Amino acid sequence: MLRNHAFAKSIQSSMIISHRSLHTSRICRYVKNGKWTTTHYTQKPREKDERWKDVDMTRVSDEYDVVVVGGGPAGLSAAIRLKQLANENNKEVRVCLVEKAAEIGAHTFSGAVIQTDGLDRLIPDWKEQGAPVFQKVTSEKIYIMTTKGRIPVPVMPLLPIYNHGNYVVRLGHVVKWLGEKAEELGVEIYPGYAAQEILYDENGAVKGIATNDVGINKDGSPKESFERGMELVAKCTIFAEGCRGHLTKQIIDKFALETHPMSYGIGFKELWEVEPAKHKPGYVEHTLGWPLSVGQYGGSFTYHIEDNGQPLVAIGHISALDYKNPYFNPFKTFQKFKTHPKVSDLLEGGTRISYGARALNEGGFQTIPKLSFPGGCLVGCSAGTLNVAKLKGTHPAMTSAQIAAESIFPELENSERLTPESYQKNFESSDLYKELKKTRNVRPSFNTKLGYYGGMLYTGLFYVFGRGIEPWTLNHGKKDNEKLESKENHKEIEYPKPDGKITFDLLSSVALTGTNHEENQPSHLTLKNDDVPEEINLKEFDGPEARFCPAGVYEYVPRGENTDELRLQINAQNCIHCKTCDIKDPTQNINWVAPEGSGGPKYDGC
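Rules behind the numbers
- Residues numbered from 1 in each chain as written.
- Predicted model: local features only at pLDDT ≥ 70, side-chain atom pairs only at ≥ 80, totals over all residues.
- Heavy atoms only, no water.
- Helix = DSSP H or I, 4+ residues; strand = E, 2+ residues; numbered from the N terminus.
- Rg over C-alpha atoms; globule rule 2.2 N^0.38 Å.
- Buried < 20%, exposed > 50% of the residue type's maximum accessible area, 1.4 Å probe, protein only.
- Contact = heavy atoms within 4.5 Å.
- Lys, Arg positive; Asp, Glu negative; His and termini not counted.
- Charge placed at Lys NZ, Arg CZ, Asp CG, Glu CD.
- Phe/Tyr/Trp six-rings, centres within 6.5 Å; stacked < 30°, edge-to-face > 60°.
- Expected span 1.5 Å × (residues − 1).
- Axes fitted to C-alpha atoms, helices over the stretch in contact; angles between N-to-C directions.
- Left-handed = near helix turned anticlockwise from the far one by under 90°.
- Nonpolar A, V, L, I, M, F, W, Y, C, P; charged D, E, K, R; others polar.
- 1 Å grid on protein atoms, 1.4 Å probe; cavity = no way out; pocket = protein on both sides within 12 Å on 5 of 7 lines; lining within 4 Å.
- Points joined across faces, edges and corners; volume = space filled by probe spheres on them.
- Pairing = 2+ DSSP bridges.
- Salt bridge = Lys/Arg side-chain N within 4 Å of Asp/Glu carboxyl O.
- Parallel < 35°, antiparallel > 145°, perpendicular 65-115°, else oblique.
- Patch = residues over 30% accessible without salt bridge, like charges linked within 9 Å, V, L, I, M, F, W, Y side chains within 5 Å.
- Areas by Shrake-Rupley, 256 points an atom, 1.4 Å probe, with all protein chains shown as cover.

(A) Representation of the overall build of the protein in the model. Within the protein, the regular secondary structure consists of 15 helices and 26 strands. Computed over C-alpha atoms, the radius of gyration of the protein comes to 23 Å, within 12% of the 25 Å expected from 2.2 N^0.38 for 606 residues, which places it in the range of a compact globule. Reported as C-alpha extents along the three principal axes, the dimensions of the protein are approximately 70 × 65 × 50 Å. Here the protein holds 606 residues, and 63% of them are scored as buried. Long-range contacts, defined here as pairs at least 24 residues apart, represent 79% of the contacts in the protein between residues at least 6 apart. Here the protein contributes 72 positively and 76 negatively charged side chains, and the mean placements of these two sets differ by 5 Å.

(B) The packing of aromatic side chains, seen in detail. Counted according to the given criterion, the structure contains 20 aromatic pairs. Summarising the aromatic geometry, the rings of Phe-255 and Phe-373 are spaced 5.3 Å apart at their centres and angled 15 degrees between planes, so their arrangement reads as stacked. Here Phe-373 lies in strand E21 (residues 372-373) and Phe-255 lies in the loop between helix H5 (246-254) and strand E16 (264-273), a separation of 118 residues in the sequence. One aromatic cluster is present, formed by Tyr-200, Phe-239, Phe-255 and Phe-373 through successive ring pairs.

(C) Helix H8 (residues 394-408), seen in detail. With 15 residues, H8 extends 21 Å from end C-alpha to end C-alpha; this agrees with the ideal 21 Å at 1.5 Å per step. Burial within H8 is extensive, with 14 of its 15 residues counted as buried.

(D) Geometry of the packing of helix H2 (residues 73-88) against H8. Between H2 and H8, the shortest axis-to-axis distance is 8 Å and the interhelical angle comes to 35 degrees. For the element pair H2 and H8, the recorded crossing hand is right-handed. Seen from H2, the contacting residues are Pro-73, Ala-74, Ser-77, Ala-78, Arg-81, Leu-82 and Leu-85; seen from H8, they are Thr-394, Ala-397, Met-398, Ala-401, Gln-402, Ala-405, Glu-406 and Ile-408. Across the contact of H2 with H8, the residue classes break down as ten nonpolar, three polar and two charged.

(E) Broad picture of empty space enclosed by the protein. All chains considered together, the criterion is met by seven cavities of 30 Å³ or more. Size it by volume and the second largest cavity reaches roughly 80 Å³. Considered class by class, the residues forming the lining of the second largest cavity number eleven nonpolar, two polar and one charged.

(F) Region of interest: the sheet that holds strand E20 (residues 351-361). Taken in spatial order, the seven strands make up an open sheet running E8-E7-E17-E18-E19-E16-E20, and their pairing is mixed. Of all the strands in the sheet, the pair left with one neighbour each is strand E8 (150-153) and E20. Mean inter-strand twist for the sheet, computed between neighbouring axes without regard to direction, equals 20 degrees. As judged from the ten bridges shared by strand E18 (residues 298-307) and strand E19 (residues 310-320), these two strands associate in the antiparallel manner. For Ser-300, the partnering residue across the bridge sits in E19 and is His-317. The strands that helix H11 (residues 451-464) touches are strand E7 (139-145), E8 and strand E17 (283-289); relative to E17, the one it contacts most, it runs at about 125 degrees.

(G) Inspection of the pattern of salt bridges at higher detail. Under the definition given, this model contains 31 salt bridges. Across the pair Glu-197 and Arg-59 runs a salt bridge whose closest N-O atoms are separated by 3.0 Å. Of the two residues, Glu-197 is situated in strand E11 (residues 195-200) and Arg-59 in the loop between strand E2 (35-36) and strand E3 (61-69); the sequence distance between them amounts to 138 residues. A salt bridge links Asp-307 to Arg-170; its shortest N-O distance comes to 2.9 Å. In this pair, Asp-307 sits in strand E18 while Arg-170 sits in the loop between strand E9 (167-168) and helix H4 (171-184), placing the two residues 137 residues apart along the sequence. The same class applies to Asp-307 as to Arg-170, namely buried.

(H) Structural detail: the packing of H2 against H4. One can describe the packing of H2 onto H4 by two numbers: an axis separation of 10 Å at closest approach and a directional angle of 20 degrees. By the angle between their axes, H2 is roughly parallel relative to H4. With respect to the hand of their crossing, H2 and H4 are arranged in left-handed fashion. Across the interface between the two elements, Pro-73, Leu-76 and Ile-80 of H2 pack against Leu-171, Val-175, Leu-178, Gly-179, Lys-181 and Ala-182 of H4. Split into classes, the residues belonging to the contact of H2 with H4 amount to seven nonpolar, one polar and one charged.

(I) Here's a closer look at the sheet that holds strand E5 (residues 113-114). Pairing is antiparallel in the open sheet, where three strands are placed in the order E5-E9-E6. Edge positions in the open sheet fall to E5 and strand E6 (135-136), since each of these has one partner strand only. Bridging between E6 and E9 involves two bridges; their strand directions are antiparallel. Within E9, the position partnered with Lys-136 by the bridge is Tyr-167.

(J) Spatial organisation of a nonpolar patch on the surface. Taken together, Val-294, Leu-450 and Tyr-453 make up a surface patch of nonpolar side chains, about 290 Å² in accessible area. Within the element layout of this structure, Leu-450 appears in the loop between helix H10 (431-438) and H11. Accessibility expressed as a relative area gives 53% for Leu-450, which makes it exposed.

(K) Quick look at the environment of Tyr-603. Looking at where Tyr-603 falls in the secondary structure, it is placed in the segment after strand E26 (590-592). It is 7.5 Å that separates the C-alpha atoms of Tyr-603 and Phe-109, two residues lying 494 residues apart in sequence. In this structure Tyr-603 touches Gly-105, Ala-106, His-107, Thr-108, Phe-109, Tyr-355, Gly-356, Ala-357, Thr-513 and Ile-576, once residues within four positions along its chain are discounted.

(L) Local environment of the layout of surface pockets. Its volume calculated, the largest pocket comes out at about 860 Å³. The wall of the largest pocket is formed by 44 residues, among which His-246, Thr-248, Lys-249, Gln-250 and Asp-253 lie closest to the centre. Elements represented by at least two residues in the lining of the largest pocket include exactly E11, H5, helix H15 (580-584) and E26. The biggest single contributor to the lining of the largest pocket is H5, with six residues. Among the residues making up the lining of the largest pocket, the classes are represented as twelve nonpolar, 19 polar and 13 charged.

See below:
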């Protein structure tokens, strides 16, 4: 078993924190000479720090056939499939899976309506085995929202978003169940251990990962309890970190895997218990339009599910991160959406149970990177396999991971360290590849001056009738962060004040995520240059990180008591691991890395 100081912290981070314990500007991690100072060892090498010269930096190592980074639908599907193949062929294959959340499923965040293709492929008798997948879609509506009304859009089988035969689920519970199935097969699962470093062999191939060091003070110095992370070495390492994984980002850069810049969105969700008379189990609703402008991509979802007798509704809103206006606030846009009469009527008299947010891949087929590299491969949302036209990420994640496992398994006996080159070929010959290719132009068709009107027209002509056979492939243009424009080109946006009944403020929302981190550790929201926030972000964009973050992590506060000059404050304790800052920061100066293991949100069935 892995031994690490972080394990002791998993108990703490499993506790739901109160509103009062959320960080605001009154609590500082490390401010030096009136300026936020990055102290994390990924930006401040310890080799040059006198405080570390006598510290033992050796690491314990363990060897596996395959190491999987990430315990979501993709990572667990890969691990399960590998052990299934090992059992079918009477082979001994050692598979290790590390997950930064304190519990499997605690960092999973999704809508979610799922197609069961990936689950059918992995565990055909999932119903008999008690998978928490039971709420079939019973009816479905699509609307274009206006300020006070809405216009219905015909729902038909030819639409990419058609959900007949699908299931409304609480995906975190499904992931937890998959974790139990993996353990039954002998997968060694270690929740509460964050992969922090990629290990390379003498030939430059990936040879595994190292978990993060623990026991470091917020100023970057070692505590008496300091303990080195552990090296997990493997013949093949599968990266299944989800959208914008911090190690995946390094892998894509190092091995030049990117084919086209990824485009992203940020998705918000609240889970409500509504009045029984308003509840329609299995009802699914999607909207586009208000409160977004015509030129902005995004929309809402409302999913009804009955769970243990509770009349639950998952309501959420997605905003594309390619927006131009630095004053746009995705969280407040979601809250504003709930003031629409048709939405507020549903929620009136109900109780909000949970809140969360997560970045998601919106690039689709043309942004899927090369999948394999020396020593490993990418699967699921780490590989950008989400089908944004269908709003489906689970079955592509599970299916791509199974294809990877089936490509890796035959090579395990013949290699000390393998490059699963057949994975790319097998993926490209799969039904999943064909599915993603058909819908490739739906998302970028919304990027014209016609906005969602142009996107709907294109989808009707070329997907509904043409089934995606057009010979061209549209692109997304520049990266999302490069599309943000100067504050001089835009005006501030007024949003309604929260009423505490239907709409809420940010910190009371974050309190529902169960987020917690070890207090005395360096901020895992690192800055490559500590001067950039004030010199560029504040001056040119009026501090957009204070608006695009869905957890109140970033704010600008007075530099001192007797000055109006502002500095950046990072409240890393609030971070819900959504990765939006890593994506939308204008100069890509913010670099998200893993905090001490088991930190972050503790979602229950989100």
